[in-house]
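Here are the chains, one letter per residue:
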Amino acid sequence: MSHSNRHFTPLDLVVLQIDNGLRTIFGKPVVTERSNPQDKVTEKSKQELSTTEKTFSARLMRINHAGEVAAQGLYQGQALTAKLPDVRDKMQRAAEEENDHLAWCERRINELNSHTSYFNPLWYFGSVSIGALAGVAGDKWSLGFVAETERQVVKHLDEHLESISENDVESRAVLEQMKIDEGHHATVAIESGAAELPLPVKQVMALTSKVMTKTAYWV
Ligand SMILES: [Fe+2]
Ligand SMILES: [Fe+2]
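J.: Whenever I open this one, the coordination of the iron ion (ligand 2) confuses me. Can you help?
T.: Six octahedral donors around a metal ideally subtend angles of 90 or 180 degrees, whereas four tetrahedral donors ideally subtend 109.5 degrees. The iron ion (ligand 2) binds to the protein through Glu98 (OE), Glu150 (OE), Glu150 (OE), Glu182 (OE) and His185 (ND1), with metal-donor distances spanning 1.8 to 2.5 Å. Counting gaps between the donor residues of the iron ion (ligand 2) yields the pattern E-x51-E-x31-E-x2-H. The two metals, the iron ion (ligand 2) and the iron ion (ligand 1), are separated by 3.7 Å and share Glu98 as a common coordinating residue. Placement of the pair is Glu150 in helix α5 (residues 139-163) and His185 in helix α6 (residues 169-191), with a sequence separation of 35 residues. With relative accessibility at 3%, the residue Glu150 sits in the buried group. With a relative accessible area of 3%, His185 lands in the buried category.

Right, here's the structure in full:
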């Protein structure tokens, strides 16, 4: 067993992984000390939403939630195989912030009377595998993967902010803060030594996220 796994046996790691997965998908994942950006929205600025606005917001928030489930899987997969302890520590904070995003999106989806994606277990365990593979390829590739993922997420968030109703100030508050966080995660990854991924890898990633977002929009 490698030194990076210090006092965990391989079985411990598997159990921890499954536990974390179940908490991500069905339970209450460990969040940071930060408050939900929605709580900063004043009563006065809140708007009444039409049914159409609500349905559309819920669909976009479901996509974002599914994306956060996948992000969590990626980070956890990487943590399993990352070689440098400081890389794992830096990514740990990012992973916790992704849990904030998960919780914020889920609350908003519930308020909009909708449900999270039925495919979340698939997004999660698929992403754990991809994250673990990226970690095996080496820390600079694994960090490169984070940087590229976050860049693509920022692009998605921009598109969502353009299309979601201006009246939905609460969803927008969540998306704005997520955008800041994802940009920061990309910067941290780059500063930690991320390698620029080859174009075909970036294209496969964009394609994968397209399949995911299209699916999560509906279910
Ligand atoms: Fe996130
Ligand atoms: Fe992120």
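From this point, the discussion proceeds with the structure in view.
J.: Teacher, can you tell me more about the coordination of the iron ion (ligand 1) here?
T.: Every protein donor of the iron ion (ligand 1) is accounted for by Glu68 (OE), Glu68 (OE), Glu98 (OE), His101 (ND1) and Glu182 (OE), and the metal-donor separations fall at 1.9 to 2.3 Å. Counting gaps between the donor residues of the iron ion (ligand 1) yields the pattern E-x29-E-x2-H-x80-E. Under the relative-accessibility criterion, His101 is labelled buried at 0%. Assessed through its relative accessible area of 1%, Glu182 is described here as buried.

Calculation rules
- Residues numbered from 1 in each chain as written.
- Chains lettered and ligands numbered in written order.
- Predicted model: local features only at pLDDT ≥ 70, side-chain atom pairs only at ≥ 80, totals over all residues.
- Heavy atoms only, no water.
- Donors = N, O, S within 2.8 Å, 3.2 Å for Na, K, Ca; no water.
- Helix = DSSP H or I, 4+ residues; strand = E, 2+ residues; numbered from the N terminus.
- Buried < 20%, exposed > 50% of the residue type's maximum accessible area, 1.4 Å probe, protein only.

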